[in-house]
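Examining the three-dimensional arrangement
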2 protein chains.
Amino acid sequence: MALVDQIRASILNGESGPGTVLSQTDLAAAHGVSRIPVRDALQALAAEKIVEILPGKGARVITLSADELDEIFDLRTLLECDLLRRATALADAKAHAEAEYMLQKSSLEAERPGWHAGDWDFHRTLYLPAGRPRQLSIVEELRTSCVVHAAGYAGLASETQQWLEDHRRMVQAYVNGAADEACKLLHSHIIAARNALTSVAM
Amino acid sequence: MALVDQIRASILNGESGPGTVLSQTDLAAAHGVSRIPVRDALQALAAEKIVEILPGKGARVITLSADELDEIFDLRTLLECDLLRRATALADAKAHAEAEYMLQKSSLEAERPGWHAGDWDFHRTLYLPAGRPRQLSIVEELRTSCVVHAAGYAGLASETQQWLEDHRRMVQAYVNGAADEACKLLHSHIIAARNALTSVAM
DNA sequence: TGTCGTATACGCGTATACATATTTAAGCGG
DNA sequence: CCGCTTAAATATGTATACGCGTATACGACA
């Protein structure tokens, strides 16, 4: 496992929460490497907008304000709905089967540690037929930024059943080629995620 | 001027075109520094999607396919129109004055080296009242990726007068609060940019 | 007692040096 | 003459070392 993945994981699982100062020296010692690869990893994470680097003063895990979270969720709505619309129009039988499979898979992973990854796997599978790798990577980045703040709050479980129901209905619209319906469901799905996050993080 | 800015400038002005291999050793020697800051700069540029790093094999300036350019321009349309719509609704008299000023300024810079920067200054000024810094930075990144391929082709001048006319009409709709009209203009403006770029780059 | 100045320590930025992987070219064989 | 193997050269990845800035803590002074 690459160094950058280890550090990212420690942030996303809540081990290093928002605002945590990440010392190059400490990280180097902890992972048994020199500071150079640590610097590379931190800069890569800065590129993902997971940490921010204050020149000469080190790196820290990002802290998002309510406004910034609003912007991120608005962007997600804009970009993910566009992806879903394109994907719904282009998805073939194989894509439909993949979506059904990921729906089952994510249902099993719900409420378990690392459900974020499973949720993203599900959504990404839906978006994949759109053929928009860059848009997909931007969305992934935005989602990851949210996870930084969602980590440690596994207590979103109360909403889990509703989320799974959303997913089911989304797949139904997806396989039926009902793009408008699918986007409508996704829209409210993302808004619900925003409300759930802000209710626990603010 | 920071090292990363120097290297970025050499790419954006066409000095290092798409596909150019960027040697750490050469860049270090050329700028009179060691390879460590060069590595940092290259990774920062990779984060901006201007260069791609092939592990163990060095860095090269990105080369975008027609599909990737299509995706970028679709994303720009989606994100910039959303920004303009929000900004039009929120812009006050001061913002209107700023827009008028930038219109004049970008008109003077047209057809001159570095007109990309002036064009972006103009558009950014329009978008600023939307209060969406992250969305703005994503758009800037997408635009910069395009400039990598547009650099060296100053010959887009044939379209310059049309572009300036687009800008004028856009500002007019902007100050009148006509969001739909402004977005419609911007939409065709971006599509025209895409056609101009693909006609010279492909 | 509070505040400012100084000294010490800690951490980042960078240069140098070494290890490893890739590329290239030369040499050998078919 | 072409292709494969091998070895030297070159470039990247990483470790170590040093210079510099910043932060903190202690002490002097108001």
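Nothing here was measured: the structure is a model prediction, and the numbers come from that model. (Residues numbered from 1 in each chain as written. Chains lettered and ligands numbered in written order. Predicted model: local features only at pLDDT ≥ 70, side-chain atom pairs only at ≥ 80, totals over all residues. Heavy atoms only, no water.)

Moving on, we come to the protein's contact with DNA strand D. Of all residues adjacent to DNA strand D, which total 14 residues, the nearest are Ser 34 of chain A together with Gln 24, Arg 35, Arg 39 and Gly 56 of chain B. A share of 59% is what sugar and phosphate atoms reach among the atoms of DNA strand D within 4 Å of the protein. One of the side-chain nitrogen or oxygen atoms of Arg 35 of chain B is found 2.7 Å away from a base nitrogen of DNA strand D. Counting residues per element, the ones that place at least two in the surface near DNA strand D are helix H3 (35-47) of chain A together with helix H2 (24-31) and helix H3 (35-47) of chain B. (Near = heavy atom within 4 Å. Polar contact = N/O pair within 3.5 Å; in protein donor to acceptor, adjacent residues only side chain to side chain. Helix = DSSP H or I, 4+ residues; strand = E, 2+ residues; numbered from the N terminus.)

A word on the protein's contact with DNA strand C. Gln 24, Arg 35 and Arg 39 of chain A together with Ser 34 and Lys 57 of chain B are the nearest of the 13 residues found near DNA strand C. At the protein interface, 65% of the atoms of DNA strand C within 4 Å belong to sugar or phosphate. One of the side-chain N or O atoms of Arg 35 of chain A is found 2.7 Å from a base nitrogen in DNA strand C. Between a phosphate oxygen of DNA strand C and a side-chain N or O atom of Arg 39 of chain A, the distance comes to 2.4 Å. Sorting the residues of the surface near DNA strand C by element identifies helix H2 (24-31) and H3 of chain A together with H3 of chain B as the ones contributing at least two each.

Counting residues at the interface gives 25 residues for chain B, matched by 25 residues for chain A. Together chain B and chain A conceal approximately 2200 Å² of surface at their shared face, both sides included; 52% is due to carbon and sulfur atoms. Across the chain B-chain A interface, the total number found is six salt bridges. For the salt bridge of Asp 74 of chain B with Arg 132 of chain A, the shortest nitrogen-to-oxygen distance reads 2.9 Å. (Contact = heavy atoms within 4.5 Å. Buried area = accessible area lost by both parts, 1.4 Å probe. Salt bridge = Lys/Arg side-chain N within 4 Å of Asp/Glu carboxyl O.)

Once that is clear, we can look at the relation of the copies chain B and chain A. Mapping chain B onto chain A is achieved by rotating through 180° and translating by 0.0 Å along the same axis, at an RMSD of 0.0 Å. The two molecules are tied by a two-fold rotation axis, judged by turn and shift. Of the C-alpha atoms belonging to chain B, the one lying closest to the rotation axis is found on Ala 47 of chain B, 2.6 Å away. Taken together, the interface assignments show that 100% of the residues at the interface of chain B recur at the interface of chain A, consistent with an identical surface on both copies. (Least-squares fit on C-alpha atoms with pLDDT ≥ 70 in both.)

Residues and elements named next belong to chain A. Its identity is not glycine, yet Lys 49 carries a phi of approximately 65°, on the positive side. Structurally, Lys 49 is set in the loop between H3 and strand S2 (51-54). Taking the relative accessible area as the measure of exposure, Lys 49 reaches 30% and is therefore partly exposed. (Buried < 20%, exposed > 50% of the residue type's maximum accessible area, 1.4 Å probe, protein only.)

Okay, the nonpolar core next. Ile 11, Leu 84 and Leu 126 of chain A together with Ile 11, Leu 84 and Leu 126 of chain B are the most contacted members of the largest nonpolar core, which totals 116 residues. If sequence neighbours within four positions are ignored, Leu 84 of chain B has contacts with Leu 126, Tyr 127, Met 170, Tyr 174, Ala 182, Cys 183 and Leu 186 of chain B. (Core = buried A, V, L, I, M, F, W, Y, C linked by side-chain atoms within 4.5 Å.)

Residue and element names in this part refer to chain A. Annotation of chain A at the domain level lists domain 1 (3-61) and domain 2 (66-201). One C-alpha centre belongs to domain 1, the other to domain 2, and the line joining them spans 27 Å. Interface area, domain 1 with domain 2, both sides summed: about 640 Å², of which 68% is carbon and sulfur. Taken together, the links from domain 1 to domain 2 amount to zero salt bridges. A breakdown of the residues in the side of domain 1 that touches domain 2 according to their chemical character gives six nonpolar, two polar and two charged. (Domains from an automatic or database assignment. Nonpolar A, V, L, I, M, F, W, Y, C, P; charged D, E, K, R; others polar.)

In this section: the side chain of His 123 of chain B. Residue and element names in this part refer to chain B. In this structure, His 123 sits in helix H6 (residues 115-127). With a relative accessible area of 0%, His 123 lands in the buried category. A distance of 3.3 Å separates the side chain of His 123 from the side chain of His 167, its partner in a polar contact. If we skip the residues at most four places from it in the chain, His 123 touches Glu 80, Arg 143, His 167, Met 170, Leu 186 and His 189.

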